[in-house]
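Spelled out, the chains give:
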Amino acid sequence: MLIRFLGAAGEVTGSNYLLESENSRYLIDCGIFQGENEEKNEAPFDFSPSSIKAVILTHSHLDHSGRIPKLVKEGFKGKIFATLPTIELCEILWFDTVKLMREEVERINRKNQRAGRPPVKALYDEEDVEATLKLFEPVPYDEVVSLEDIKFRLRDSSHILGSASVEVWNKDTKVVFSGDIGQWEGVMEGTPATIEQADYVVIESTYGDRVHKTLEQTREEFTRIIQSAISENGKVLIPSFVVDRAQRIIYEIRLLEERHILSNRIPVYFDSPMGKKVTEVYRKYNNLLSSELQRYYLNSRDPFDIENLKYLSSVEESKRINDIDTGIIIAGSGMCTGGRILHHIKHSIWKENTHIIFVGYQAQGTLGRRIVDGARNINVMGEEIAVRAKIHTINGFSSHADQKDLLKWAEGFQSNPVFIITHGEMTSSQALSQLFRIKGYQTLIPTRGQSIDLLKKEISEVKPVPSIDWNSLLSELEAQISSIKERVTGSSDLEKFSLLKAVSIILREINEK
Ligand SMILES: [Zn+2]
Ligand SMILES: [Zn+2]
């Protein structure tokens, strides 16, 4: 069995792995590139779409699902396997994508026409989405599905509703694709399934170099920001993915109101044409949510419903809140690459009493990343705007595991697999790889386009651990650390920082044991 890494290799977005057995070809995910590499979405696939037997989809996020309608448009006729919530969320996200793409294409073509250039076309349209939806085949978690020469099984990865890791068997080899992995004790979806056996594990590394703050710290931080914005009579803008993160934020606001920290008179707006529908899917499949959230439903209450929450579907409704003084606005897109958040940023980022809270990963090359990185001026929809708002980043609400949780998930494997690290910026993937190697695991970081033959174990086995002289090892470490402390660490030491951080995590773990 051969895997070709065609996206999310050395980068976060564009997940796309081609799995080739002796007789057939399968895809694990087929997502869009976001940020820097966006132009790759237009490029032809590196394979013939009609040669693919089936697609196994880990979850609905567009960086995993967004190019599937293009695949169908270009000749793919096989089945697309996914969980039911994933299918329903894809339907909502894809139709919204078509709408956004059409608006963008119309804008470009008006320019092109004036400049005498030929018109451009959208990646796909409604008809392609309709045709794609017909190919879906729902698969429940934990059930083995046999295809021609492989078997696969979806396991709950607790990243968003319906998200899955995929176990694939072919002959004597087993490979696991982590998909995106959620936090270990996630507030929304609980804890990811532990998988014990694999020869190879393709693992994401979005936050491979970072440890999130604790839930308590995260909630305190969120409370503090909201309180100061309200006291300054300002707006709180929360650019957010419409699936999962937005529902999480609404739930967190609900908790603040339950504890009387936040008045339920402060208006909260979920400004998205998809918002209501997505939240509806969460309600429908609430049996897949964490026990904390299920408890609400058992008591006939809804964790995603608060009195002062307004869903804004139409553009007119959205425009009407431009002039409000104070309130919390949740809007997409999460990385400010488009969507209604742009209007709100344009209207409010130049005001000092505006607070913008980033609650998700910001890919390189996106407007969100530029703001987070401290840009003083930004260009929003063709207009130069000064950044005077207070900018905050809260990673603790992330639906992604941090370094510590990725390690926990990896430690579930009892078979000493090779970890193939993907879906992360290079520094993240490398930090995770270093940590795994310290733990004695074999790792690989593939580059885009690289193939790995899973039948031949090309990587040499890890040597058995020699007996350890703890005392001399620790005193050597102490000596090294005090010499580092003596000098000011310059930028040349930056690359070692992630390794040091990894070491400190391991030391803390040893201590706790
Ligand atoms: Zn995801
Ligand atoms: Zn992802």
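Since the structure is predicted, the reported quantities are computational estimates derived from the model, not experimental observations.

Side chains His-355 and Ile-357 of strand E16 (residues 355-358) all project onto a buried face; the interleaved residues Ile-356 and Phe-358 project onto the opposite face, where all are buried too. Bridging between strand E12 (residues 235-239) and E16 involves 2 bridges; their strand directions are parallel. What sits directly across from Leu-237, in E16, is Ile-356.

A word on the packing of aromatic side chains. With the rule as written, the count across this model stands at 15 aromatic pairs. Taking 6.1 Å as the distance between ring centres and 85° as the angle between the ring planes, the aromatic pair formed by Tyr-282 and Phe-304 counts as edge-to-face. On the criterion of sequence distance, the pair formed by Tyr-282 in helix H7 (residues 275-284) and Phe-304 in the loop between helix H8 (291-298) and strand E14 (309-312) is long-range, its members being 22 residues apart. Overall, the relative accessible area of 0% leaves Tyr-282 in the buried class. Using a relative accessible area of 0% as the deciding quantity, one classes Phe-304 as buried. On the basis of an interplanar angle of 40° and a centroid distance of 5.2 Å, the ring pair of Phe-419 and Tyr-441 is categorised as tilted. One end of the pair, Phe-419, is in strand E20 (residues 418-422); the other, Tyr-441, is in the loop between helix H13 (426-438) and strand E21 (442-444), and 22 residues separate them in sequence. Grouped by ring-pair contacts, the aromatic residues Trp-409, Phe-413, Phe-419, Phe-436 and Tyr-441 constitute a single cluster. Residue placement shows Lys-70 over the ring face of Phe-45; its charged tip is 5.1 Å from the ring centre.

Looking at where Asn-308 falls in the secondary structure, it is placed in the loop between H8 and E14. Here Asn-308 falls in the buried class, since its relative accessible area comes to 7%. Polar contacts involving the side chain of Asn-308 include one to the side chain of Glu-257, which spans 2.7 Å. In terms of polar contacts, Asn-308 uses its side chain to reach the backbone carbonyl oxygen of Ile-266, at 2.6 Å. Residues within four places of Asn-308 in sequence aside, it is in contact with Glu-257, Ser-263, Asn-264, Ile-266, Pro-267 and Val-268.

The extent of an interface is frequently quoted as the accessible surface area lost upon association of the parts. Split into domains, the protein comes out as domain 1 (2-210 + 399-453), domain 2 (215-397) and domain 3 (470-512). Placing a centre on the C-alpha atoms of domain 2 and another on those of domain 3 gives a separation of 38 Å.

Before going further, it helps to spend a moment on the side chain of Thr-422. Looking at the element boundaries, Thr-422 is found in strand E20. With relative accessibility at 1%, the residue Thr-422 sits in the buried group. Among residues more than four places away in sequence, those in contact with Thr-422 are Phe-5, Ala-8, Tyr-17, Val-202, Ile-203, Glu-204, Ser-205, Ser-429 and Pro-446.

Looking now at the pattern of salt bridges. This model, assessed by the stated rule, comprises 29 salt bridges. Salt-bridge contacts for Glu-280 lead to Arg-283; the nearest nitrogen and oxygen are separated by 3.0 Å. Of this pair, Glu-280 and Arg-283 are both found in helix H7, 3 residues apart, which corresponds to roughly one turn of the helix. Glu-280 sits in the partly exposed class, given a relative accessible area of 42%. A cluster of three or more residues bridged by salt bridges with shared partners is formed by Asp-142, Arg-153, Arg-155, Glu-167 and Lys-174.

The rules behind the values
Residues numbered from 1 in each chain as written. Chains lettered and ligands numbered in written order. Predicted model: local features only at pLDDT ≥ 70, side-chain atom pairs only at ≥ 80, totals over all residues. Heavy atoms only, no water. Buried < 20%, exposed > 50% of the residue type's maximum accessible area, 1.4 Å probe, protein only. Helix = DSSP H or I, 4+ residues; strand = E, 2+ residues; numbered from the N terminus. Pairing = 2+ DSSP bridges. Phe/Tyr/Trp six-rings, centres within 6.5 Å; stacked < 30°, edge-to-face > 60°. Lys NZ or Arg CZ within 6 Å of the ring centre and 35° of its normal. Polar contact = N/O pair within 3.5 Å; in protein donor to acceptor, adjacent residues only side chain to side chain. Contact = heavy atoms within 4.5 Å. Domains from an automatic or database assignment. Salt bridge = Lys/Arg side-chain N within 4 Å of Asp/Glu carboxyl O.

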